[in-house]
Amino acid sequence: MRYPEGGGLTAERRAFREGIRLKAGERFAAGEKTAVIAKDLRVSVRSVERWRRAWRESGMEALRSAGPANSPTVTDSQFAVLEDELGKGPSAHGFEDERWTLARVQTVIRRRLRVSLSVATVWRPLKLHGWSWQAPARRALERDERAVELWKKEVWPRVKASRRPMVAGSSSRTRPGSP
């Protein structure tokens with residue numbers, strides 16, 4: 001199941017699942033068997049067993065939704081620390097070159113802030129605080145402008161051109177005239 005951008009279940013889906021658990025709770029009170037409840041509600045027997053245990057210990061309230069699960073986040077004060085760390089550069093954190101990648105930022109967050117985020121989630125606090133994908137501010141000193149222009153004029157048209165001319169034909173092995 002894919003979850004929306006914020007991760008976790010939508011409010012509607014949580015309410016739906018809670019409704020199923022509450023129906024199961026009513027049937028627990030009526031003394032129905034676990035397997036029958038699971039079949040009728042189209043859920044696993046193990047889920048019904050887990051719900052029954054919770055219902056026995058804490059009643060119907062135990063079957064209510066506890067709300068969305070909290071995802072780990074980076075607070076504003078933690079982000080200030082992260083920005084200081086990022087400002088030191090990748091080499092200060094043991095990386096070989098001066099490129100920040102999401103995986104590297106994830107490593108710094110885990111080491112320095114003790115927060116575990118997925119690589120995909122690392123982008124969120126960066127974007128929230130105005131960070132963006134970066135292109136180099138200057139061209140490389142080694143760049144040879146004449147060689148680049150020559151490549152654009154002579155090599156690129158050949159690379160861009162189709163390898164084979166497009167001709168009408170058939171993809172069938174049984175086309176007329178073939179052996």
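Please refer to the structure higher up on the page.
Keep in mind that what you see is a predicted model, and the values were worked out from it rather than measured.

*Asks:* How do you make sense of the overall build of the chain when you look at a structure like this?
*Replies:* Along its length, the chain carries seven helices and zero strands. Helices (α) and strands (β) of the chain occur, in sequence order from the N terminus, as α-α-α-α-α-α-α. Counting every position in the chain, which comprises 179 residues, the buried fraction comes to 22%.

*Asks:* Would you explain the packing of aromatic side chains in this entry?
*Replies:* Pairs of aromatic rings are described using the distance from one ring centre to the other and the angle between the two planes. Counted according to the given criterion, the structure contains three aromatic pairs. Ring centres 5.4 Å apart and planes at 55 degrees place the aromatic pair Phe28 and Trp55 in the tilted group. With Phe28 in helix α1 (residues 11-29) and Trp55 in helix α3 (residues 45-58), the pair connects residues that are 27 residues apart, well separated along the chain. Its relative accessible area of 4% is what places Phe28 among the buried residues. Residue classification places Trp55 among the partly exposed residues on the basis of a relative accessible area of 22%. Summarising the aromatic geometry, the rings of Phe95 and Trp100 are spaced 6.2 Å apart at their centres and angled 75 degrees between planes, so their arrangement reads as edge-to-face.

*Asks:* For this particular structure, what's the right way to read the packing of helix α4 (residues 76-87) against helix α5 (residues 102-113)?
*Replies:* Helix packing geometry: the angle between the two helix axes and the distance between the axes. The geometry of α4 relative to α5 is characterised by a closest axis approach of 10 Å and an angle of 120 degrees between their N-to-C directions. In terms of their interaxial angle, α4 and α5 are classed as oblique. Here α4 runs over α5; the crossing is right-handed. Along its contact with α4, which presents Gln78, Val81, Leu82, Glu85 and Leu86, the element α5 presents Val105, Val108, Ile109, Arg112 and Leu113. Of the residues that constitute the contact of α4 with α5, the class distribution is seven nonpolar, one polar and two charged.

*Asks:* Can you help me understand the pattern of salt bridges in this one?
*Replies:* Note that side chains of opposite charge can pair when their charged atoms are close. If you walk through the whole model with that rule in mind, you get ten salt bridges. When the shortest N-O distance is used, the salt bridge between Glu18 and Arg64 registers 3.8 Å. Residue Glu18 is located in helix α1, and its partner Arg64 is located in the loop between α3 and α4; the two are separated by 46 residues in the primary sequence. The closest approach of N and O atoms between Asp40 and Arg27, which form a salt bridge, is 2.4 Å. With Asp40 in helix α2 (residues 34-41) and Arg27 in helix α1, the pair connects residues that are 13 residues apart, well separated along the chain. Classification of Asp40 by relative accessible area gives partly exposed; the value is 45%. Arg27 sits in the buried class, given a relative accessible area of 18%.

*Asks:* Please clarify how unusual backbone geometry should be interpreted in this entry.
*Replies:* Note on backbone geometry: most residues besides glycine have negative phi, and most peptide bonds are trans. Notably, Arg42 is not glycine yet its phi reads approximately 60 degrees, a positive angle. Here Arg42 lies in the loop between α2 and α3. Phi angles above zero are rare outside glycine, and Arg114 is one such case at about 60 degrees. Turning to its location among the elements, Arg114 is positioned in the loop between α5 and α6 (119-128).

*Asks:* How do you make sense of a positive patch on the surface when you look at a structure like this?
*Replies:* On the surface, Arg46, Arg50, Arg53 and Arg56 cluster together to form a positively charged patch. Of note, Arg53 is situated in helix α3.

*Asks:* Would you mind going over the side chain of Thr107 with me for this structure?
*Replies:* When you line up the elements, Thr107 lands in helix α5. On the accessibility criterion, Thr107 (13% relative accessible area) is buried.

Each value, and the rule that gives it
- All residue numbers here refer to positions counted from 1 along the written sequence of the relevant chain.
- Local features are withheld for residues below a pLDDT of 70 in this predicted model, meaning they are given only at 70 or higher, and side-chain atom pairs are given and counted only at 80 or more; totals for whole chains, interfaces and linings count all residues.
- Side-chain numbers here rest on the full set of heavy atoms in the structure, without hydrogens or water.
- Only runs of H or I of at least four residues qualify as helices and only runs of E of at least two qualify as strands under DSSP, and these elements are numbered from the N terminus.
- Only protein chains enter the accessibility calculation, which uses a 1.4 Å probe; a residue whose area is less than 20% of its type maximum is buried, one above 50% is exposed, and one in between is partly exposed.
- Any pair of Phe, Tyr and Trp rings, taking the six-membered ring for Trp, is counted once the centres come within 6.5 Å. Such a pair is stacked with planes under 30 degrees apart, edge-to-face with planes over 60 apart, and tilted for the rest.
- Each axis is a line fitted through C-alpha atoms, taken for helices only over the stretch in contact, and angles between the N-to-C directions span 0 to 180 degrees.
- The labels follow the angle: roughly parallel below 35 degrees, roughly antiparallel above 145, roughly perpendicular from 65 to 115, and oblique for the rest.
- By convention, the crossing between two helices is left-handed when the near helix turns anticlockwise from the far helix through less than a right angle, and right-handed when the turn is clockwise.
- For this analysis, residues touch if any pair of their heavy atoms sits within 4.5 Å.
- In this classification, Asp, Glu, Lys and Arg are treated as charged, Ala, Val, Leu, Ile, Met, Phe, Trp, Tyr, Cys and Pro as nonpolar, and every other residue, Gly included, as polar.
- Note on definitions: salt bridges are taken to be side-chain nitrogens of Lys or Arg within 4 Å of carboxyl oxygens of Asp or Glu.
- Excluding any residue in a salt bridge, patches collect residues exceeding 30% relative accessible area, merging like charges within 9 Å and nonpolar Val, Leu, Ile, Met, Phe, Trp and Tyr side chains within 5 Å.
- Only the protein chains shown count as cover for residues, and the accessible areas themselves come from Shrake-Rupley with a 1.4 Å probe.
- Under this rule, positive means Lys or Arg and negative means Asp or Glu; His and the chain ends count for nothing.
- A single reference atom marks each charge: NZ on Lys, CZ on Arg, CG on Asp, CD on Glu.

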